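What the coordinates show
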Amino acid sequence: MEGLGEVACWAGELQSVFVRVAGRFGRADLRWRMRDYVRGLLAPVGRKNGWQLAEYAGHRDPAGLQHLLNGARWDADAVRDDVRAYVAEHLGPGGVLIIDDTGFIKKGTTSAGVSRQYTGPSGKIDNCQIGVFAAYATARGRALVDRELYLPKCWTKDRERCRAAKIPDERGFATKGELARSVVRRCLAADLPASWVTADEAYGQDWSFRRMLEQHGLGYVVAVPKSQQIKSLAGAWRIDQLIDEGPADAWQTLSCGDGAKGPRVYDWAAAKLPVNLVFDPDPPTHHRWILARRSLSDASDLAYYLAYAPVDADVSELARVAGSRWAVEECFQAAKNECGLDEYEVRRYVGWYRHITLAMLAHAFLAVLAAQAQDAEKGDAEATPPALSRSPWQRSGACWTLSSPTQGPTRTREFTH
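Residues numbered from 1 in each chain as written. Predicted model: local features only at pLDDT ≥ 70, side-chain atom pairs only at ≥ 80, totals over all residues. Heavy atoms only, no water.

Scanning the protein chain for helices and strands turns up 14 helices and 15 strands. The 417 residues of the protein chain split such that 53% are buried. Per element, the accessible surface of the protein chain, about 18,900 Å² overall, is 49% carbon and sulfur. (Helix = DSSP H or I, 4+ residues; strand = E, 2+ residues; numbered from the N terminus. Buried < 20%, exposed > 50% of the residue type's maximum accessible area, 1.4 Å probe, protein only. Areas by Shrake-Rupley, 256 points an atom, 1.4 Å probe, with all protein chains shown as cover.)

Right, let's talk about the packing of aromatic side chains for a bit. Within the structure shown, the criterion is met by 14 aromatic pairs. Between Phe104 and Phe133 the ring centres are 6.3 Å apart and the planes differ by 50°, which places this aromatic pair in the tilted class. Placement of the pair is Phe104 in strand β1 (residues 95–105) and Phe133 in strand β3 (residues 124–138), with a sequence separation of 29 residues. Each member of the pair, Phe104 as well as Phe133, is classed as buried. Measuring from ring centre to ring centre gives 5.4 Å for Phe133 and Phe332, while their planes differ by 75°; the resulting arrangement is edge-to-face. With Phe133 in strand β3 and Phe332 in helix α13 (residues 326–339), this residue pair connects regions lying 199 residues apart in the sequence. Phe332 carries the same exposure label as Phe133, and that label is buried. Grouped by ring-pair contacts, the aromatic residues Phe104, Phe133, Phe332, Tyr344, Tyr349, Trp352 and Tyr353 constitute a single cluster. (Phe/Tyr/Trp six-rings, centres within 6.5 Å; stacked < 30°, edge-to-face > 60°.)

Judged by side-chain polarity, Trp207, Val278 and Phe279 come together as a nonpolar surface patch covering roughly 310 Å² of accessible area. A residue is classified by how much of its surface remains accessible, and Trp207, at 41% relative accessible area, is partly exposed. (Patch = residues over 30% accessible without salt bridge, like charges linked within 9 Å, V, L, I, M, F, W, Y side chains within 5 Å. Salt bridge = Lys/Arg side-chain N within 4 Å of Asp/Glu carboxyl O.)

This part is about the nonpolar core. Within the largest apolar cluster, 125 residues are counted, with the highest numbers of intra-cluster contacts made by Ile99, Leu144, Phe209 and Leu358. The dominant element in this core, judged by the number of residues it contributes, is helix α14 (residues 349–373), at 15 residues. Ignoring sequence-local partners within four residues, the contact set of Leu358 consists of Met34, Tyr37, Val38, Leu41, Leu68, Leu69 and Trp74. (Core = buried A, V, L, I, M, F, W, Y, C linked by side-chain atoms within 4.5 Å. Contact = heavy atoms within 4.5 Å.)

On to helix α5 (residues 76–91). Between its first and last C-alpha atoms α5 spans 22 Å; for 16 residues at 1.5 Å apiece the expected length is 22 Å, and the two agree. Taken across its 16 residues, α5 has 12 buried, putting it largely inside the fold. Turning to α5, its buried residues number three or more, namely Ala76, Ala78, Val79, Arg80, Asp82, Val83, Arg84, Tyr86, Val87, Ala88, His90 and Leu91. The residue sitting at the N-terminus of α5 and contributing the capping side-chain oxygen is Asp75; that oxygen lies 2.9 Å from the backbone nitrogen of Asp77. Following α5 by one or two positions, Gly92 adopts a phi angle in the positive range, close to 90°. (Expected span 1.5 Å × (residues − 1). Polar contact = N/O pair within 3.5 Å; in protein donor to acceptor, adjacent residues only side chain to side chain.)

Counting buried residues in β3 gives 13 out of 15 residues, a clear majority hidden from the surface. Sheet analysis places β1 next to β3, joined by 10 bridges and oriented antiparallel. The partner of Ile99 across the bridge, within β3, is Ala134. Sheet topology note: the strand β2 (residues 115–119)/β3 ladder contains 5 bridges and is antiparallel. Bridge pairing in β3 links Arg116 to Asn127. Between β2 and β3, which pair antiparallel one after the other, the connecting turn spans 4 residues, and Gly123 there sits at a positive phi close to 70°. As paired elements, β3 and strand β4 (residues 141–150) share 9 bridges and run antiparallel to each other. Along β4, the bridge assignment pairs Val132 with Glu148. Linking two consecutive strands that pair antiparallel, namely β3 and β4, is a turn of 2 residues. (Pairing = 2+ DSSP bridges.)

What follows is about the pattern of salt bridges. As enumerated under the stated definition, the model contains 23 salt bridges in all. Put simply, Arg27 and Asp29 hold a salt bridge, and the shortest N to O gap is 2.6 Å. Since its relative accessible area comes to 26%, Asp29 is described here as partly exposed. Measuring nitrogen to oxygen at the nearest pair gives 3.0 Å for the salt bridge that ties Arg320 to Glu317. With Arg320 and Glu317 both in helix α12 (residues 315–323) and 3 residues apart, the pair spans about one turn of that helix.

Further remarks concern helix α4 (residues 63–70). Within α4, the full set of buried residues consists of Gly64, Leu65, Leu68 and Leu69. On an axial view of α4, the arc spanned by its buried residues comes to 140°, and they lie on one face. (Arc of directions from axis to C-beta.)

Turning our eyes to something else, we now look at the packing of α13 against α14. Working note: a packed helix pair is described by the angle between its axes plus the distance between those axes. Remark: α13 packs on α14, axes separated minimally by 10 Å, with the N-to-C direction vectors making an angle of 105°. Between α13 and α14, the angle falls in the class roughly perpendicular. Counted together, Cys331, Ala334, Ala335, Glu338 and Cys339 of α13 and Ala359, Ala362, His363 and Leu366 of α14 form the full contact between these two elements. Residue composition of the contact of α13 with α14, grouped by class: 7 nonpolar, 1 polar and 1 charged. (Axes fitted to C-alpha atoms, helices over the stretch in contact; angles between N-to-C directions. Parallel < 35°, antiparallel > 145°, perpendicular 65-115°, else oblique. Nonpolar A, V, L, I, M, F, W, Y, C, P; charged D, E, K, R; others polar.)

The structure is reproduced here in structure tokens:
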């Protein structure tokens, strides 16, 4: 009887999801096709293409579902907004907005945005489409909340090719960083209750991306390459040089969150940067930091970060936010494996957005079910406070501050990044 109760609960939640988005589909037949499509994405179908989804739904052929994706009149962006609101409502406030991209391997040259470009899923240059995504993660779970299709210049310069793929004439070239900034602005405008943003170094090294977050008063912890420049009026230093100058007792062992095998524990070193007199109010509401993560088993395995955090944030909080970035990879894996995110057959621009949005809706439903079944509880590992040091890394209250490196340019009063 308990199993029957769970099934009834799942069916009730799915029905509530359908009711939430029903108004986006002006005709009853489209609403039923949308329901059939989403149910198929959630079903144990071998490959979630048009024919198999239609067969699962009991349709004679896939024409109706193909029309839903390619020819019917409905606004995928409005459904995206519903997905984001649904996720925020059930996963709660204070989460982390995570920006990342993923590739969709494709054959041929006609699918909107397809070209030979590097993609993470294959780890090489491949014929693929690239989507820039945002995920929202809290202690209760994680789900995808926004998406944009990246169009390489070889597409945006060829307007006839764009028209053939039904790409709007007003859609010009935008870098992945520009797409990411648009996604973040939309989430903020929709009052997604995120407290932090994190991203990998492809986005973290973009000064415009970081500055936009600072202007919105949003904390961030973003990965950067080891060659990232930390600039001041007196010169510039690489972030790996500054970390190398840190004293041994600047490192502390912290968990950055739970993984499949338990807490993910690393050594972390962090130092506050001096207040930026150009950008920051007086007194400042946030501090900028440099941050490094080191493997416990291989001291040469390091990752570097820049952070912008409320004045009361500590290193354990920064480590937790940095560690939350893995949640977007888990979202991609689950959405692809369980909801057919990458198993579409559409070639047109509008079809890509519609399939991706409905797959996000299916994935959000699974995330909410998981949150309702068991709230995820995450805690930071206790850390032993570092001892005082006489190095340029100076102990100030509960954290380290960086006054000036000992190599290269002379002392400076102000660092920027």
